[in-house]
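Okay, here's what each chain looks like letter by letter:
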Amino acid sequence: MNWPAVLTLAVGTYLLRLTGVVLRDRVRLPGRVERHVDLGATALLVALVATAALTDGSGFAGWARPAGVAVGALAAWRKVPFVLVVVLAAATTAGLRYLGVP
């Protein structure tokens, strides 16, 4: 492992997070810009979830995992407690895999 690179990234990440906290009260962004930043963060989260749910290595992950993610997303949207969201998603995936669904 390349420890200098890991430490550099860790320090850079910490400084970026600290900059946001320090500058929050000093820099005012227009409402339109804040809306675009929020939409960008949402798009990145959706892309991460889609990538993790639909791929395994370099191929399709099968139908059980996306079904579990969909059940978890539906439960989260219905404001079910987080622990139950995780249990429902895992149980759905495990149940489908037990039934032979890839």
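Residues numbered from 1 in each chain as written. Predicted model: local features only at pLDDT ≥ 70, side-chain atom pairs only at ≥ 80, totals over all residues. Heavy atoms only, no water.

An unreviewed UniProt entry lists the protein chain under the name AzlD domain-containing protein, with Pseudonocardia yunnanensis given as the organism.

Engineer: Explain the packing of aromatic side chains here, please?
Structural biologist: Within a pair of aromatic rings, the relevant descriptors are the distance that separates the centres and the angle that separates the planes. Scanning the model with the defined rule gives one aromatic pair in all. Ring geometry for F60 against W63: centres 5.1 Å apart, planes inclined by 70°, an arrangement best described as edge-to-face. A relative accessible area of 59% means that W63 is categorised as exposed. (Phe/Tyr/Trp six-rings, centres within 6.5 Å; stacked < 30°, edge-to-face > 60°. Buried < 20%, exposed > 50% of the residue type's maximum accessible area, 1.4 Å probe, protein only.)

Engineer: What is the right way to look at the confidence of the model for the protein chain in this model?
Structural biologist: Predicted coordinates in regions of low pLDDT should not be interpreted in detail. Overall, the predicted model of the protein chain reaches an average pLDDT of 92, with 99% of residues at or above 70. Element-level pLDDT for the protein chain is lowest in strand β1 (residues 55–56), with a mean of 90, against a maximum mean of 97 in helix α4 (residues 82–98). (pLDDT = per-residue confidence, 0-100. Helix = DSSP H or I, 4+ residues; strand = E, 2+ residues; numbered from the N terminus.)

Engineer: Help me understand the side chain of T93 in this model?
Structural biologist: The topology assignment puts T93 in helix α4. Each residue touching T93, except ones within four places of it in the same chain, is listed here: A64, R65 and G68. (Contact = heavy atoms within 4.5 Å.)

Engineer: Hey, could you run me through the UniProt feature "transmembrane region" (unreviewed entry) in the protein chain in this one?
Structural biologist: Here, the residues flagged by UniProt with the feature "transmembrane region" (unreviewed entry) are residues 40–61 and 82–100. The distance from the first to the last C-alpha atom of residues 40–61 is 26 Å, and the span holds 68% helix and 18% strand. Taken as a whole, residues 82–100 contains 89% helix and 0% strand, while its terminal C-alpha atoms sit 27 Å from one another. (UniProt positions renumbered as here; feature names shortened; annotations may be inferred.)

Engineer: What's the story with the packing of helix α3 (residues 64–77) against α4 in this structure? I'm lost.
Structural biologist: To describe two helices that pack against each other, one gives the angle between their axes and the distance between the axes. Running from N to C, α3 and α4 cross one another at 155°; their axes reach a closest spacing of 8 Å. By the angle between their axes, α3 is roughly antiparallel relative to α4. α4 is crossed by α3, and the crossing has right-handed handedness. On α4, the residues touching A64, R65, A67, G68, V71, G72, A75 and A76 of α3 are V85, L88, A89, T92, T93, L96 and R97. (Axes fitted to C-alpha atoms, helices over the stretch in contact; angles between N-to-C directions. Parallel < 35°, antiparallel > 145°, perpendicular 65-115°, else oblique. Left-handed = near helix turned anticlockwise from the far one by under 90°.)

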